[in-house]
Amino acid sequence: MKTMMRDILLALPKTDIHCHLDGSVRPATVLELARRLKVKLPADTVEGLLPFVTVAPTCRSLKEFLDVFELIYPLLRDPVSVERIAYELVEDCAKENIRHVEARFAPVLQETSKFSSDQVVEAALKGLRKGFKDFGTTSSVIVCLIRSHGPKENRRAFETLKRMFRPQSRLEEPAVVALDLAGDEARYPTRDYASFYEEAKRLGIWTTCHAGETKGTENLRTALDLCVQRIGHGIHLMEDQKLVAEVVRRKIPVEIGISSNVRTKSVPDLKSHPALDFHKAGVPITLNTDDRGIIGIDLTHEYEEALALGFTLEELAKLAVDSTDHLFLPADQRARLRRRFESEARAALQKENA
Ligand code: ADE
Ligand code: ZN
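Per chain, the residues get numbers from 1 upward, laid out in the order the sequence is written. Each chain takes a letter, starting from A, and each ligand takes a number, starting from 1, following the order in which they are written. It should be noted that, the model being predicted, local features are given only for residues of pLDDT at least 70 and side-chain atom pairs only at 80 or more, the latter also being counted only at that level, while totals for whole chains, interfaces and linings use all residues. Only hydrogens and water are set aside when side-chain values are computed; all heavy atoms of the structure are taken into account.

1. Topic: the sheet that holds strand 7 (residues 254-256)
Link 1 in the chain: Paired strands, in this sense, are two strands between which DSSP finds at least two bridges. A run of H or I in DSSP becomes a helix once it reaches four residues, and a run of E becomes a strand once it reaches two; helices and strands are each numbered from the N terminus. The sheet built from eight strands is open, its strands ordered 1-2-3-4-5-6-7-8 with parallel pairing. A strand with exactly one partner marks an edge of an open sheet, and here the two such strands are strand 1 (14-20) and strand 8 (285-287). The sheet shows a mean angle of 25 degrees between the axes of neighbouring strands, direction not considered.
Link 2 in the chain: With five bridges joining them, strand 1 and strand 2 (residues 98-105) adopt parallel strand pairing. Along strand 2, the bridge assignment pairs Thr15 with His100. For helices, the axis comes from a line fit to the C-alpha atoms of the stretch in contact; other axes are also lines fit to C-alpha atoms, and the angle between any two N-to-C directions lies between 0 and 180 degrees.

2. A closer look at helix 15 (residues 313-322)
Link 1 in the chain: Most of helix 15 is tucked away, with seven of its 10 residues classed as buried.
Link 2 in the chain: Only protein chains enter the accessibility calculation, which uses a 1.4 Å probe; a residue whose area is less than 20% of its type maximum is buried, one above 50% is exposed, and one in between is partly exposed. For helix 15, every residue scored as buried is listed here: Leu313, Leu316, Ala317, Leu319, Ala320, Val321 and Asp322.

3. What to know about unusual backbone geometry
Link 1 in the chain: A positive phi angle is found at Lys38, which is not glycine, with a value near 60 degrees.
Link 2 in the chain: Along the chain, Lys38 turns up in the loop between helix 2 (27-37) and helix 3 (46-53).
Link 3 in the chain: Phi is positive for Asn97, close to 60 degrees, though the residue is something other than glycine.
Link 4 in the chain: Summarising the element assignment, Asn97 is placed in the loop between helix 5 (79-95) and strand 2.

4. Structural notes on the coordination of the zinc ion (ligand 2)
Link 1 in the chain: Of the protein atoms, only His18 (NE2), His20 (NE2), His210 (NE2) and Asp290 (OD) coordinate the zinc ion (ligand 2), at distances of 2.0 to 2.2 Å.
Link 2 in the chain: Coordination at the zinc ion (ligand 2) is irregular: its four donor atoms span angles of 85 to 170 degrees at the metal.
Link 3 in the chain: Only nitrogen, oxygen and sulfur atoms within 2.8 Å of the metal, or 3.2 Å for Na, K and Ca, are treated as donors, and water is left out, so sites may look incomplete. If you list the donors of the zinc ion (ligand 2) from N- to C-terminus, the spacing comes out as H-x1-H-x189-H-x79-D. With His210 in strand 5 (residues 206-211) and Asp290 in the loop between strand 8 and helix 13 (292-295), the pair connects residues that are 80 residues apart, well separated along the chain. A single burial state applies to His210 and to Asp290, both of which are buried. Tetrahedral means four donors with every angle between 85 and 135 degrees, whereas square planar (four donors) and octahedral (six donors) require angles over 155 degrees between opposite donors and between 65 and 115 for all others; sites fitting neither are termed irregular.

5. Describing the packing of aromatic side chains
The relative placement of two aromatic rings is captured by the distance of their centres and the angle of their planes.
Link 1 in the chain: Geometry of aromatic contacts follows a simple scheme: Phe, Tyr and Trp rings, the Trp one being its six-membered ring, pair when their centres are within 6.5 Å, and the pair is stacked under 30 degrees between planes, edge-to-face over 60, tilted otherwise. In the structure shown here, the tally under the stated rule is five aromatic pairs.
Link 2 in the chain: With centroids separated by 5.4 Å and ring planes inclined at 45 degrees, the aromatic side chains of Phe158 and Phe196 adopt a geometry described as tilted. One end of the pair, Phe158, is in helix 7 (residues 151-164); the other, Phe196, is in helix 8 (residues 194-203), with 38 residues separating them in the sequence. In this structure, Phe158 and Phe196 share a single accessibility class: buried.

6. As for the site of ligand 1
Link 1 in the chain: Near residues are defined by distance, with any heavy atom within 4 Å of the molecule or strand qualifying the residue. If you check the shell around ligand 1, you find 13 residues, and the closest are Gly183, His210, Glu213, Asp290 and Asp291.
Link 2 in the chain: Under the rule applied, a polar contact is a pair of N or O atoms within 3.5 Å (in protein, one hydrogen donor and one hydrogen acceptor; residues adjacent in sequence only if both atoms are side-chain atoms). One of the side-chain N or O atoms of His20 is found 3.4 Å from a nitrogen atom in ligand 1.
Link 3 in the chain: Per-residue and other accessible areas follow the Shrake-Rupley method at a 1.4 Å probe size, with only the shown protein chains counted as cover for residues. Coverage of ligand 1 by the protein amounts to 96% of the 260 Å² it exposes when considered alone.
Link 4 in the chain: Per-element accounting of the shell around ligand 1 gives the leading share, three residues, to helix 4 (residues 62-67).
Link 5 in the chain: Charged means Asp, Glu, Lys or Arg here, nonpolar means Ala, Val, Leu, Ile, Met, Phe, Trp, Tyr, Cys or Pro, and polar covers whatever is left, Gly included. Among the residues forming the shell around ligand 1, the class breakdown is five nonpolar, five polar and three charged.

Next comes the structure, spelled out in structure tokens:
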């Protein structure tokens, strides 16, 4: 009997390199964290809570999407919560053969007078470490600056990044590796954060940036000028063929989140998503969840959506293997993972005709 397509996609070794830790919390965990911290929620069953912690298809914008996080942040200002959600993320990844996850978050959104930005990151690393021991999925941390934050708050996050950055990390030891800029792109242009990217470049810190998710190509131009190694979403890239040519020439991968883009109305609907156009134009792409908890998806679903867009199974298997080349890890560690992916992807594809 032919194996179901989802089973083949599940079996593919995968990476998730655009994954917000705070957007990946299980709804059941939201409920338990609230009970432990004695925070009142609008509902006290998982079913009742779902409309408040997931984004409905009627969502009209990235801003509306980001508003959902407001209910979750108060539950994450605590070391036990942060360690737990990091651990559970690794467990969820391992269940669908995600072999490496780069978890990103803004430590300043979770700090308190008793829980510093450094401690937020340490708690996450602890959960990721434990997750690796129990489930085998390796991980790294990307520190996010937030567009709506002032220079002082973003400076605090950046100093945490500088203190905790480990460029020579090994796969088995989760470490802080890179800088990102997240939040409401429509209101806050990337050039306002240029000095952080310039400093990261001087220090050898890897960089990615949410850009071209909500409007136009100006933020994409800025991100490329700031020498980012990867671009988050980049949906508007095709509007400027010069930018496309530059991304192809510089081999800058775009971190795609198909369902996220549909939900935030970065694209009007699934069939308008440009992922296949990017691929055909030679733009390196990776498939990612963005916010698996808030959207209510997993990465295997994102591979299914890519099939619906017209990618072949073989193309998806190659994307999964090639994603290892784009990890924020030393080259020898990336190569180790790539070798493993090549043999596991071959085995997964053989299932198709089994
Ligand atoms: N934070 C969480 N998800 C995000 C997204 N898709 N864009 C910008 N910031 C985010
Ligand atoms: Zn994102």
